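Residue-level listing of the chains:
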Amino acid sequence: DSGVTQTPKHLITATGQRVTLRCSPRSGDLSVYWYQQSLDQGLQFLIQYYNGEERAKGNILERFSAQQFPDLHSELNLSSLELGDSALYFCASSVQDLRTDTQYFGPGTRLTVL
Amino acid sequence: GIQVEQSPPDLILQEGANSTLRCNFSDSVNNLQWFHQNPWGQLINLFYIPSGTKQNGRLSATTVATERYSLLYISSSQTTDSGVYFCAADPTGGGNKLTFGTGTQLKVEL
């Protein structure tokens, strides 16, 4: 158990809908990262927050957004869902915002768009 | 961006055998991690190893930063070692984000 929690574990929804994925980082960790794992794209970085502020952006679609709240939990919002958004979404956390920090991954949320 | 390549893509072992997985990366790195993704999809941290050698039980890893590669050694493999092994790197000149390789799918048979 990494100490990172994600809810829900599974999510099934329809095209065009909007969903919210939630992540709670390990106790004491200030940085949260979101990654997407799909069959065609592999594992790729989406976005990072540190202590409530956006720090880095990767291949995140405009239909996707994220935020980190004062209690340090984070939410990833996916809207106007398409079939291709079906994937495993991971949240990771690290202590600070240093490139030398180890990132610890949560169990993931498996999203299926029908 | 940084390129991370892993080999072999697939590996089948008999229980008790040893193996070496390789990760090549195209730029110098601040962060290099190895993960095991189990059959249930969970990503488990194995090593944080931007340089040098580390050991944890039957697993060990070595990163030669100057030559831009890392090796993961699995000794006396067990069926529970099955899954996908990923290497991920954060380049020195990049942001604080990991770029993953495509993984090595390992199956350990009795």
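The structure contained in this document is the topic of the report that follows. Everything quoted here is computed from the prediction, not taken from an experiment.

**Some remarks on the overall build of chain A**
Here is step 1: Looking only at helices and strands, chain A has 0 helices and 11 strands in total.
Here is step 2: Put simply, chain A runs from its N terminus to its C terminus through helices and strands in the order β-β-β-β-β-β-β-β-β-β-β.
Here is step 3: Since a compact globule built from 114 residues should have a radius of gyration of about 13 Å, the 13 Å found for chain A is in line with a globular shape.
Here is step 4: By its C-alpha atoms, chain A is 35 × 25 × 25 Å across when sized along the principal axes.
Here is step 5: Residue burial in chain A is summarised as follows: out of 114 residues, 52% are buried.
Here is step 6: Surface accessibility of chain A: about 5500 Å² in total, with carbon and sulfur atoms responsible for 47%.
Here is step 7: Of the charged side chains in chain A, 9 are positive and 12 negative; the average position of the first set lies 2 Å away from that of the second.

**Considering the overall build of chain B**
Here is step 1: Of regular secondary structure, chain B possesses 0 helices and 11 strands.
Here is step 2: Moving toward the C terminus, one meets the helices and strands of chain B in the order β-β-β-β-β-β-β-β-β-β-β.
Here is step 3: For a compact globule of 110 residues, the expected C-alpha radius of gyration is about 13 Å, and chain B comes in at 13 Å, within 12% of that figure.
Here is step 4: The buried share of chain B, reckoned over its 110 residues, is 50%.
Here is step 5: Intrachain contacts of chain B at a sequence separation of at least 6 include 55% that bridge at least 24 residues.
Here is step 6: Surface exposure of chain B reaches about 5000 Å², of which carbon and sulfur atoms provide 49%.
Here is step 7: The centroid of the 6 positive side-chain charges in chain B is displaced by 5 Å from the centroid of its 8 negative side-chain charges.

**Notes on the sheet that holds strand S3 (residues 19–24) of chain A**
All names here are of chain A.
Here is step 1: What the 4 strands build is an open sheet, ordered S1-S3-S8-S7; its pairing is antiparallel. Only two strands of the sheet have a single neighbouring strand rather than two, namely strand S1 (5–7) and strand S7 (64–68). Neighbour to neighbour, the strand axes of the sheet diverge by 15° on average, direction disregarded.
Here is step 2: Two elements, S1 and S3, share 3 bridges in a ladder whose sense is antiparallel.

**Digging into the interface of chain A and chain B**
Here is step 1: Facing the 19 residues of chain A at the interface are 20 residues of chain B.
Here is step 2: For the pairing of chain A and chain B, the buried interface totals around 1700 Å² over both sides, and the portion due to carbon and sulfur atoms is 49%.
Here is step 3: At the junction of chain A and chain B, the tally comes to 0 salt bridges.
Here is step 4: Linking chain A with chain B are 4 residue pairs in polar contact (both at pLDDT 80 or more).
Here is step 5: Among the elements of the structure, strand S4 (31–38), strand S5 (42–50), strand S9 (87–94) and strand S10 (104–105) of chain A are those that each provide at least two residues to the side of chain A that touches chain B.

Each value, and the rule that gives it
Residues numbered from 1 in each chain as written. Chains lettered and ligands numbered in written order. Predicted model: local features only at pLDDT ≥ 70, side-chain atom pairs only at ≥ 80, totals over all residues. Heavy atoms only, no water. Helix = DSSP H or I, 4+ residues; strand = E, 2+ residues; numbered from the N terminus. Rg over C-alpha atoms; globule rule 2.2 N^0.38 Å. Buried < 20%, exposed > 50% of the residue type's maximum accessible area, 1.4 Å probe, protein only. Areas by Shrake-Rupley, 256 points an atom, 1.4 Å probe, with all protein chains shown as cover. Lys, Arg positive; Asp, Glu negative; His and termini not counted. Charge placed at Lys NZ, Arg CZ, Asp CG, Glu CD. Contact = heavy atoms within 4.5 Å. Pairing = 2+ DSSP bridges. Axes fitted to C-alpha atoms, helices over the stretch in contact; angles between N-to-C directions. Buried area = accessible area lost by both parts, 1.4 Å probe. Salt bridge = Lys/Arg side-chain N within 4 Å of Asp/Glu carboxyl O. Polar contact = N/O pair within 3.5 Å; in protein donor to acceptor, adjacent residues only side chain to side chain.

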